[in-house]
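Coordinate analysis (summary)
Each chain is listed here by its residues.
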Amino acid sequence: MGRHSKLQKEVLKLYKQFLRAAKDKPGFFPLIQGEFQKNSHIPRTDIMHIEYLLRRGQRQLELLREANTKQAAAFIRFIPPNNRIVQETKDLPS
């Protein structure tokens, strides 16, 4: 792959910052990795969406860096056998 654009470098920098911040906080690594993988399909040309996600990620990084952050929770979509969509909260390991 050739040289990275400025936006790509910012995304990679944010990812590295997340990994460093989560080093001492168990359970965060899979969440971070999954979030970046989920958004890896966004086309490079969708600059507005990428910039929005960067700003959102920077705010989340600030929260992760706080000393009192011990665990994370995420909302997941659960589709039971009768195909009704139910929202539930999933606590991640602390």
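Refer to the preceding data block for the structure.
So, here's what we can say about the structure. (Residues numbered from 1 in each chain as written. Predicted model: local features only at pLDDT ≥ 70, side-chain atom pairs only at ≥ 80, totals over all residues. Heavy atoms only, no water.)

This part covers the environment of L54. Along the chain, L54 falls in helix α3 (residues 47–65). Judged by relative accessible area, L54 falls into the buried class, the value being 6%. Separated by 44 residues in sequence, L54 and E10 place their C-alpha atoms 7.9 Å apart. (Helix = DSSP H or I, 4+ residues; strand = E, 2+ residues; numbered from the N terminus. Buried < 20%, exposed > 50% of the residue type's maximum accessible area, 1.4 Å probe, protein only.)

With that settled, the discussion passes to the pattern of salt bridges. Within this structure, the stated rule accounts for two salt bridges. One salt bridge connects K38 with E35, and the closest N-O pair in it is separated by 3.3 Å. In this pair, K38 and E35 are both assigned in helix α2 (residues 28–38), three residues apart and thus about one turn of the helix distant. What you see here is one network of salt bridges that share partners, running through E35, K38 and R56. (Salt bridge = Lys/Arg side-chain N within 4 Å of Asp/Glu carboxyl O.)

Now for the packing of aromatic side chains. Counting across every chain of the model gives two aromatic pairs. Between Y15 and F36, the ring centres sit 4.8 Å apart and the planes meet at 65°, which makes this aromatic pair edge-to-face. Of the two residues, Y15 is situated in helix α1 (residues 6–22) and F36 in helix α2; the sequence distance between them amounts to 21 residues. With a relative accessible area of 23%, Y15 lands in the partly exposed category. Seen in terms of ring centroids, F18 and F36 are 6.0 Å apart; in terms of plane orientation they differ by 70°. Their pairing is edge-to-face. Remark: F36 occurs in helix α2 and F18 occurs in helix α1; sequence separation between them is 18 residues. (Phe/Tyr/Trp six-rings, centres within 6.5 Å; stacked < 30°, edge-to-face > 60°.)

Time to look at the packing of α1 against α3. Viewed as axis vectors pointing N to C, α1 and α3 meet at an angle of 20°, and their least axial separation amounts to 10 Å. By the criterion of interaxial angle, the relationship of α1 to α3 is roughly parallel. Between α1 and α3 the crossing geometry is left-handed. Within the contact between the two elements, α1 uses L7, E10, V11, L14, Q17, F18, A21 and A22 and α3 uses I47, I50, E51, L54, G57, Q58, Q60, L61, L64 and R65. Residues of the contact of α1 with α3, tallied by class, amount to 11 nonpolar, four polar and three charged. (Axes fitted to C-alpha atoms, helices over the stretch in contact; angles between N-to-C directions. Parallel < 35°, antiparallel > 145°, perpendicular 65-115°, else oblique. Left-handed = near helix turned anticlockwise from the far one by under 90°. Contact = heavy atoms within 4.5 Å. Nonpolar A, V, L, I, M, F, W, Y, C, P; charged D, E, K, R; others polar.)

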